[in-house]
Amino acid sequence: MPMLALSNVSKRFGALTAADAVSFELRQGEALGIIGPNGAGKSTLFNLITGNIAVDAGTIIFDGRDVTRLPPMQRCFAGVGRSFQIPQPFEKLTVFENLLVAGAFGARKAEAEVGDRCAEILVETGLIDRANHPAGGLSLLQRKRLELARALATEPRLLLLDEIAGGLTEGECGMLVDTILAIHKGGMSIIWIEHVLHALNSLDERLLVLNFGKVIGMGAPDTVMASREVREIYLGI
Ligand code: ADP
Ligand code: MG
């Protein structure tokens, strides 16, 4: 049984089709990369999976359960966690407090256990030495790490990352990618949107390409990137 199955998921904004009969499946423990030009519908797809936006048509099955009509919080409780394209931590709270807030939102554990898990996440995400610093004073890379940590604190079984490496230098991007790959190797199922292709290079699993809300390629990265349509549309060659 797949962890996530979308079938014919569609969403229009007025005349614009942001998701056009999107179908794909994600296996338990898999990492899937999503690429596509700006405005292709990548973030919309995440919003449909998390329930922040309601589908016009189609179904979303998570862990064998039809979550198509569930509100976002119920999907979060079910195990769908996400990072946002624009990180919005509580600037005045410390890094650790930010995690506790996210952990309390996940709310499937006693308070003490949430604290323990958040401390582990600080280690996993490379933030332990920033635990007691206000989030407002973090560097961009540390803010990205905090965004990842906040998503993990909700105890997801599926992690959705939306352009988490955006704005980082290549060196910083490499460090963040290493952290994410370690989390994936620990068993986390991930769907990872990146506009910057090299961020996904170490992710040698499957790649899905979106354009105008449509899936125009899906499969092994080499095969997908070799397709004429993807090269024309995505790389402009
Ligand atoms: P991507 O993340 O691939 O850059 P988005 O999913 O953010 O693309 O957007 C896809 C298209 O849908 C864009 O043309 C965008 O302007 C439009 N769009 C996204 N969200 C909304 C919304 N809530 N209302 C109206 N249009 C939207
Ligand atoms: Mg986006």
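The written sequence of each chain sets the order in which its residues are numbered from 1. Chains and ligands are labelled by the order in which they are written, letters from A for the one and numbers from 1 for the other. Since the coordinates come from a predicted model, pLDDT governs what is reported: local features require at least 70, and pairs of side-chain atoms require 80 or more to be given and counted, while whole-chain, interface and lining totals use all residues.

**So, the site of ligand 1**
Point 1. Each residue gets a C-beta atom placed from its backbone. If that atom is within 6 Å of a molecule or strand, the residue is near it. As a structural note, the neighbourhood of ligand 1 is formed by Phe13, Leu16, Ala18, Gly36, Asn38, Gly39, Ala40, Gly41, Lys42, Ser43 and Thr44.
Point 2. Of all the elements in the fold, those that place two or more residues in the shell around ligand 1 are strand 2 (16-26) and helix 1 (42-50).
Point 3. When its residues are assigned to classes, the shell around ligand 1 shows four nonpolar, six polar and one charged. Helix numbering and strand numbering both begin at the N terminus, where a helix is a DSSP run of H or I of at least 4 residues and a strand a DSSP run of E of at least 2. Under this grouping Gly is polar, as are all residues other than the nonpolar Ala, Val, Leu, Ile, Met, Phe, Trp, Tyr, Cys and Pro and the charged Asp, Glu, Lys and Arg.

**Observations concerning the sheet that holds strand 10 (residues 214-219)**
Point 1. The pairing criterion is simple: DSSP has to find at least two bridges between the two strands. One open sheet accounts for six strands, arranged 6-7-8-3-9-10; its pairing is mixed. Two strands bound the open sheet, and with one partner strand each, they are strand 6 (80-82) and strand 10. The sheet shows a mean angle of 20° between the axes of neighbouring strands, taken without regard to direction.
Point 2. Relative to the sheet, helix 1 contacts strand 3 (31-35), strand 6, strand 7 (158-162), strand 8 (189-193) and strand 9 (206-211), its axis offset from that of strand 7 by approximately 150°. Note on geometry: axes are lines fitted to C-alpha atoms, helical ones only across the stretch in contact, with angles between N-to-C directions running from 0 to 180 degrees. Remark: residues whose backbone-derived C-beta atoms lie within 7 Å of one another are considered to be in contact.

**Overview of the domain arrangement of the chain**
Point 1. Domains are outlined according to an automatic or database domain assignment. Along its sequence, the chain is organised into domain 1 (1-79 + 158-237) and domain 2 (86-155).
Point 2. Placing the centre of domain 1 and that of domain 2 at their C-alpha centroids yields a distance of 24 Å.
Point 3. Of the residues lining the interface, 12 residues belong to domain 1; the matching set on domain 2 comes to 13 residues.
Point 4. Those elements that provide at least two residues to the side of domain 1 that touches domain 2 are helix 2 (72-78) and helix 6 (170-185).
Point 5. Here the side of domain 1 that touches domain 2 takes six residues from helix 6, the largest share from any one element.
Point 6. Here the residues of the side of domain 1 that touches domain 2 sort into nine nonpolar, two polar and one charged.

**Notes on the pairing of strand 4 (residues 57-62)**
Point 1. As paired elements, strand 1 (residues 4-13) and strand 4 share five bridges and run antiparallel to each other. Looking at the pairing, serine 7 lines up with threonine 59 of strand 4.
Point 2. Judged from the two bridges that link them, strand 4 and strand 5 (residues 65-66) form a sheet pairing that is antiparallel. By the bridge assignment for strand 5, isoleucine 61 is matched with aspartate 66.
Point 3. The hairpin formed by strand 4 and strand 5 contains two residues between the paired strands, and aspartate 63 there has a positive phi angle of roughly 55°.

**Details of unusual backbone geometry**
Point 1. For aspartate 63, which is not glycine, the phi dihedral falls at a positive 55°.
Point 2. Its place among the elements puts aspartate 63 in the loop between strand 4 and strand 5.

**Section: the environment of isoleucine 128**
Point 1. Here isoleucine 128 is to be found in the loop between helix 4 (111-124) and helix 5 (140-153).
Point 2. Expressed as a C-alpha distance, the spacing of isoleucine 128 and valine 95, which sit 33 residues apart in the sequence, is 8.9 Å.
Point 3. Aside from chain neighbours lying at most four places away, what touches isoleucine 128 is Leu122 and Val123.

**Considerations on helix 5**
Point 1. For a helix, the expected span equals 1.5 Å multiplied by the residue count minus one. Its 14 residues give helix 5 an end-to-end C-alpha distance of 20 Å, which sits within 8% of 20 Å, the value for a rise of 1.5 Å per residue.
Point 2. The exposure scheme places C-beta atoms from the backbone and then counts, for each residue, the other C-beta atoms within 10 Å of its own, assigning buried at 20 or more, exposed at 12 or fewer, and partly exposed in between. Along helix 5, 11 of the 14 residues are buried, which leaves the element largely enclosed by surrounding structure.
Point 3. Every buried residue of helix 5 is listed here: Gln142, Lys144, Arg145, Leu146, Glu147, Leu148, Ala149, Arg150, Ala151, Leu152 and Ala153.

**Some words on helix 4**
Point 1. The terminal C-alpha atoms of helix 4, which comprises 14 residues, lie 20 Å apart, in line with the 20 Å expected from a rise of 1.5 Å per residue.
Point 2. Of the residues trailing helix 4, glycine 126 is marked for its positive phi of about 75°.

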